[in-house]
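Each chain is listed here by its residues.
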Amino acid sequence: MKYKIIRLLDVAGMNCFEPVVRLCYGEEPRQQVRKIGLFIVAPVVVFALFIGAWAAIAPFIKTKAGSLPSPVDVAGSLVDVYEFHWREYAKKADFARTGDDRDTTLALVTQQLADATERKAVVEAELAELTATLDAETAATLKKYEEAIENQTLVYHASQFEREQELHKLGDKLEVSQDEPREQYVASVREHQTLSARESTHLKELRSDLAAIRKSTTPQFAALLREKNDLDQETQFLDKRASLLSDGNRRSNVASAALTLKNADAALAAAAPGQRYDATLDYLGAEERVLSSAGAIYAKPPTFFDQVFTSIECVFVGFLFATAIAIPIGVLCGLNKVIMASLSPLISLFKPVSPIVWLPIVFIVVGGFIERPDEAWVKPAFLSSAITVALCSLWPTLVNTALGVASIDKDHLNVARVLRLSMWDRLTKIVIPSALPLIFTGLRISLGVGWMVLIAAELLSSSPGLGKFVWDMFNNGSSDTFSQMLLTVFVVGVVGLLLDRIMIVFQRLVSFDGGATAL
Amino acid sequence: MSTGGEQRYVELFRLSKAYPNPYGDRVTVVDGFNLIMKRGEVVSLIGHSGCGKSTVLTMVAGLNSISEGSVVLSGKEVTSAGPDRAVVFQSPCLLPWMTAIQNVRLGVDRVFAHGTRQQRKEICEYYLDAVGLADSMDKYPRELSGGMQQRVGIARAIALKPKMLLLDEPFGRLDSLTRMELQDVILKILDREKITTMLVTHDVDEAIYMADRICMMTTGPMARVGQILDMPFERPRRREEVLEDPLYYDLRGCLVSFLEEQDRRKHRPAPVPKIAESDAAKSADASDQADALAHAEA
Ligand SMILES: Nc1ncnc2c1ncn2[C@@H]1O[C@H](COP(=O)(O)OP(=O)(O)O)[C@@H](O)[C@H]1O
Ligand SMILES: [Mg+2]
């Protein structure tokens, strides 16, 4: 059992948990604890240090969209995107609910809505009260400050005016033809300018201080405000649900459309001779509407997790393209020196081309093939991203496959020769199995490259996915969206890590050292 | 098949091999190698390491191109490798992604393509059983010890029902106990199946115990047959009987002295090329004589 678990961990590439298992079985506790310290505690500590450093530095990096989001903000934005996600799905489900299910849900939602509205009222009242007291407190300070600034402004203005007058007078009396007085005059004018500049900066500082005091809130106030915002959103959401469950529901849409249809039918039956054609048109239109409302689904905006999923889908489509191209060509190259020699210039030529170059070209070409993007079963933007991923990620697989096939053990080829295996048997029974570990190494690198390329491709082609999400957030430019961008960094990282892990498992399974037997 | 065919089942006629050396000119490793084998006979090829034994064997197998001369097996000239000449090398070279039985099965499927699945499976099982692996058929090579892997290799070769079995130091990497076991395994199978066998070895005792005739090769370059010895032991053999036979030490002495003689020649200061050539000519005569002697005896 113990060895089985250890073996499984090994195959899954999670050797770091091996000491934990061994410790559970009481094997050399001291050594295991040391290993746990090394392989688990140390990385966790470093990660914690990283988070700490980030939290410490974040407030000092000021941008137009507020300061750099702290880890807490990013975690909060994860909660936000998750909330958005499940709310949209709840709405979508509500739209399609029928019968008893719909009634019970509606009752529940109405109840929740009432609760939320109540709580909101309480919070609003508290907020109003707090604002009143705070205002009374700050009003006095603010007033004093404002007056002080006003006075200061007047003083500066007066002194500036005075200096100017003085300088004008001096200038009138100046003997311009003489060097020394002229230089002196220039110097004093310059002095006047610097002085004025200094004064106006001082005023600006005072004013921004004032603004800060106006904006400054107590933590309690901020918390209340946040709570109020949340409740606002919640009531809005529940309101929407309620409407989707009652008159906004698909059934009700269908019912009202059916009613219209019935009326149109009646109108047609009663139509006077001159109006029959138009009445029939109305009837047909109503019929059409019944059909379309019966087939309608809630138009849900893509949520963050939808985007993650789309991205993963896209990278796999691209990866499949890449695999389908790279492995056969790689095998051919590995088998035949002539093919290898003739293809290697092409390979070396295209290998270093960046996705940024491929994307527009692919986009145009794909656009040429798909004439009506709205009706096509696959979105051109999606397809171009996938193809770009394929173009950039097929090289590691190709090169590794060729290497794997070319470096096949001579003894194994001798087996094929002695048995006079057919080309097909030779390929499927000898060549490919023996090249498989290297092929999978290539595939793993390819998938990693593909994932990196994909985010860039999506960002450029604005095909739905994480890249587009980041781009949208960038264009939004609020501090909320900023922390969602940082969240994306982590999500991209985690997904990439998982993809890599999956490939490691496959790689271990096809290697000959017995990985597969553990399962 | 005529008795002539039986008597001259395998013919190696003036077999030569020249390898290109790194500078481009060709080095003749084996030169004018003549040997005739009867059907069902076990001939052991013995000689110093590097003298060209493997070269001869791989040429017979068809895995190595023949520079000059020819190999004829049961009336047909050998041009390429084929399942009628099964080979077992020093390293088992099993396919690591297949189980023991799958490794055997690969060849059996080729050779007995006309048989049913069940029959083919039975053939594989029979031979794996014969080499003592009845319990480990579904294991992967990595789960088997070196000796067991070599057993699979032997089963794989014999299951092809080859006309000729080529063994290139098949026990070279095994410990002496396993080696003796495997020698007996092979002898038992050979006694039953009567496969014409060429056994390359540099172990004198192994050669005496297993072979009907021992063909001693001179040390290369331009190696050839130096001397051929007939083994006077009956088949099936028993190790103790062979070891206790009064002739055993004479034969062994003869072999060892031949090998030592070759060794001395090798370490002698290199003669001028011209003389080397005449030297080779002399030993060619010797080998021809030995050949003729063998024939006369047969
Ligand atoms: N592919 C090759 N190319 C060049 N020289 C070779 C090659 N294979 C073997 N030789 C040379 O031929 C000689 C005989 O080799 P081999 O037949 O393997 O000897 P043995 O099996 O008797 O130990 C050696 O000197 C070796 O260096
Ligand atoms: Mg050898």
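Everything quoted here is computed from the prediction, not taken from an experiment. (Residues numbered from 1 in each chain as written. Chains lettered and ligands numbered in written order. Predicted model: local features only at pLDDT ≥ 70, side-chain atom pairs only at ≥ 80, totals over all residues. Heavy atoms only, no water.)

Participant: A description of the overall build of chain A should follow, citing residues and the corresponding values.
Facilitator: Of regular secondary structure, chain A possesses 17 helices and two strands. When the backbone C-alpha atoms are referred to their principal axes, chain A occupies close to 115 × 95 × 65 Å. Considering chain A as a whole, with its 519 residues, one finds that 34% of them fall into the buried category. Here chain A has roughly 31,000 Å² of accessible surface; of this, 64% comes from carbon and sulfur atoms. Charge-centre separation for chain A: the mean point of 51 positive side chains lies 11 Å from the mean point of 58 negative side chains. (Helix = DSSP H or I, 4+ residues; strand = E, 2+ residues; numbered from the N terminus. Buried < 20%, exposed > 50% of the residue type's maximum accessible area, 1.4 Å probe, protein only. Areas by Shrake-Rupley, 256 points an atom, 1.4 Å probe, with all protein chains shown as cover. Lys, Arg positive; Asp, Glu negative; His and termini not counted. Charge placed at Lys NZ, Arg CZ, Asp CG, Glu CD.)

Participant: Explain the site of ligand 1 to me, using residue names and the numbers behind them.
Facilitator: Residue and element names in this part refer to chain B. By nearness alone, every residue bordering ligand 1 is listed as Tyr19, Val29, His48, Ser49, Gly50, Cys51, Gly52, Lys53, Ser54 and Thr55. In the environment of ligand 1, an oxygen atom lies 3.3 Å from a nitrogen or oxygen atom belonging to the backbone of Cys51. Within the side chain of Ser54, one N or O atom sits 2.5 Å away from an oxygen atom of ligand 1. Burial of ligand 1 by the surrounding chains reaches 55%, relative to a free accessible area of 560 Å². Looking at the shell around ligand 1 element by element, the count peaks at three residues for helix H2 (residues 53-61). Its residues placed into classes, the shell around ligand 1 shows three nonpolar, six polar and one charged. (Near = heavy atom within 4 Å. Polar contact = N/O pair within 3.5 Å; in protein donor to acceptor, adjacent residues only side chain to side chain. Nonpolar A, V, L, I, M, F, W, Y, C, P; charged D, E, K, R; others polar.)

Participant: I'd like to hear about the side chain of B:Gln183, residue by residue, with values.
Facilitator: All names here are of chain B. Tracing the backbone shows Gln183 in helix H6 (residues 176-193). Among the polar contacts made by the side chain of Gln183, one reaches the side chain of Arg239 at a distance of 2.9 Å. Gln183 has contacts with Phe171, Glu206, Tyr209, Met210 and Arg239, leaving out every residue within four places of it along the chain. (Contact = heavy atoms within 4.5 Å.)

Participant: Break down the domain arrangement of chain A for me, with residues and values.
Facilitator: Residues and elements named next belong to chain A. According to the domain assignment, chain A contains domain 1 (2-60), domain 2 (101-245), domain 3 (250-294) and domain 4 (304-509). Here domain 1 and domain 4 have C-alpha centroids that lie 32 Å from each other. Listed as interface residues are seven residues of domain 1 and, on the opposing side, seven residues of domain 4. Scanning the region where domain 1 abuts domain 4 turns up zero salt bridges. Of all elements in the fold, only helix H1 (2-11) and helix H3 (29-57) reach the threshold of two or more residues within the side of domain 1 that touches domain 4. Per-class residue counts for the side of domain 1 that touches domain 4 are five nonpolar, one polar and one charged. (Domains from an automatic or database assignment. Salt bridge = Lys/Arg side-chain N within 4 Å of Asp/Glu carboxyl O.)

Participant: Can you lay out the UniProt feature "transmembrane region" (unreviewed entry) in chain A for me, pointing to particular residues and giving the numbers?
Facilitator: Residue and element names in this part refer to chain A. Mapped onto the present numbering, the UniProt feature "transmembrane region" (unreviewed entry) falls at residues 36-61, 315-335, 347-370, 382-409, 430-461 and 481-499. Secondary structure content for residues 36-61 is 85% helix and 0% strand, while the C-alpha to C-alpha distance between its ends is 36 Å. Regarding residues 430-461, the helix share stands at 100% and the strand share at 0%, and the terminal C-alpha atoms are separated by 43 Å. (UniProt positions renumbered as here; feature names shortened; annotations may be inferred.)

Participant: Any details on the sheet that holds strand E4 (residues 68-73) of chain B? Residues and values, ideally.
Facilitator: All names here are of chain B. Pairing in this open sheet of four strands is antiparallel, and the strands run E2-E1-E4-E5 from one edge to the other. Each edge of the open sheet is held by one strand with a lone partner, namely strand E2 (26-37) and strand E5 (76-77). Bridge count between strand E1 (residues 10-20) and E4: five bridges; the pairing is antiparallel. Note that in E4 the partner of Ser16 across the bridge is Glu68. Those strands touched by H2 are E1, E2 and E4, and its axis lies near 115° from that of E1. (Pairing = 2+ DSSP bridges. Axes fitted to C-alpha atoms, helices over the stretch in contact; angles between N-to-C directions.)

Participant: So what's going on with the interface of chain B and chain A? Residues and values would help.
Facilitator: Across the contact, 22 residues belong to chain B and 17 residues belong to chain A. For the pair chain B and chain A, the summed buried surface comes to about 1,800 Å²; carbon and sulfur atoms form 67% of the total. When the buried area of chain B at its contact with chain A is split by residue, B:Trp97, B:Arg110 and B:Arg142 rank highest and sum to 33% of it. Our enumeration of links across chain B and chain A arrives at zero salt bridges. At the boundary of chain B with chain A, the tally comes to eight residue pairs in polar contact (both at pLDDT 80 or more). (Buried area = accessible area lost by both parts, 1.4 Å probe.)

Participant: Let's hear about the packing of aromatic side chains: which residues, and what values?
Facilitator: Residues and elements named next belong to chain A. In total, this model carries 13 aromatic pairs over all chains according to the counting rule given. For the pair Trp86 and Phe237, a centre-to-centre distance of 5.7 Å together with 80° between the ring planes defines the contact as edge-to-face. Here Phe237 lies in helix H7 (residues 219-245) and Trp86 lies in helix H4 (residues 71-96), a separation of 151 residues in the sequence. A relative accessible area of 7% places Phe237 in the buried class. (Phe/Tyr/Trp six-rings, centres within 6.5 Å; stacked < 30°, edge-to-face > 60°.)

Participant: Give a description of the domain arrangement of chain B that names residues and reports values.
Facilitator: All names here are of chain B. For chain B, the assigned domains read domain 1 (3-84 + 163-297) and domain 2 (93-161). Facing 14 residues of domain 1, the contacting portion of domain 2 comprises 14 residues. Summed over both partners, the interface of domain 1 with domain 2 comes to about 1,200 Å²; 68% of that surface belongs to carbon and sulfur atoms. Three residues, Pro83, Leu182 and Ile189, lead the burial of domain 1 against domain 2; their summed loss comes to 33% of the area buried on that side. Summed over the shared surface of domain 1 and domain 2, the number is two salt bridges.

Participant: I'd like to hear about the packing of helix H4 (residues 117-130) of chain B against H6(B), residue by residue, with values.
Facilitator: Residues and elements named next belong to chain B. Contact geometry of H4 with H6 gives a least axis separation of 10 Å together with a crossing angle of 130°. Regarding the angle of H4 to H6, the classification is oblique. From H4, Tyr126, Tyr127 and Ala130 reach across to H6, where they touch Val185, Ile189, Arg192 and Glu193. Split by residue class, the contact of H4 with H6 holds five nonpolar, no polar and two charged. (Parallel < 35°, antiparallel > 145°, perpendicular 65-115°, else oblique.)

Participant: Account for H4(A), with residues named and values stated.
Facilitator: The end-to-end C-alpha distance of H4(A), which contains 26 residues, comes to 38 Å, matching closely the 38 Å that a straight helix rising 1.5 Å per residue would cover. Along H4(A), the positions that sit buried rather than exposed are A:Pro71, A:Val74, A:Ser77, A:Val81, A:His85, A:Arg87, A:Glu88, A:Ala90, A:Lys91, A:Asp94 and A:Phe95. (Expected span 1.5 Å × (residues − 1).)

Participant: Outline the confidence of the model for chain B, supporting the account with residue identities and numerical values.
Facilitator: Residues and elements named next belong to chain B. Model confidence for chain B is summarised by a mean pLDDT of 85, while 88% of its residues fall at 70 or above. Scored below 50 in pLDDT, residues 270-298 makes 23 contacts in the model with residues more than four places away or belonging to other chains. Here the predicted complex carries an ipTM of 0.83, next to a pTM of 0.77. (pLDDT = per-residue confidence, 0-100.)

Participant: Give a description of a negative patch on the surface that names residues and reports values.
Facilitator: All names here are of chain A. Residues Asp73, Asp80, Glu126, Glu129, Glu227, Asp230 and Asp480 make up a contiguous surface patch of negative charge. Secondary structure elements with two or more residues in the negative patch: H4, helix H5 (99-173) and H7. By the element assignment, Asp80 lies in helix H4. For Asp80, a relative accessible area of 39% translates into the label partly exposed. (Patch = residues over 30% accessible without salt bridge, like charges linked within 9 Å, V, L, I, M, F, W, Y side chains within 5 Å.)

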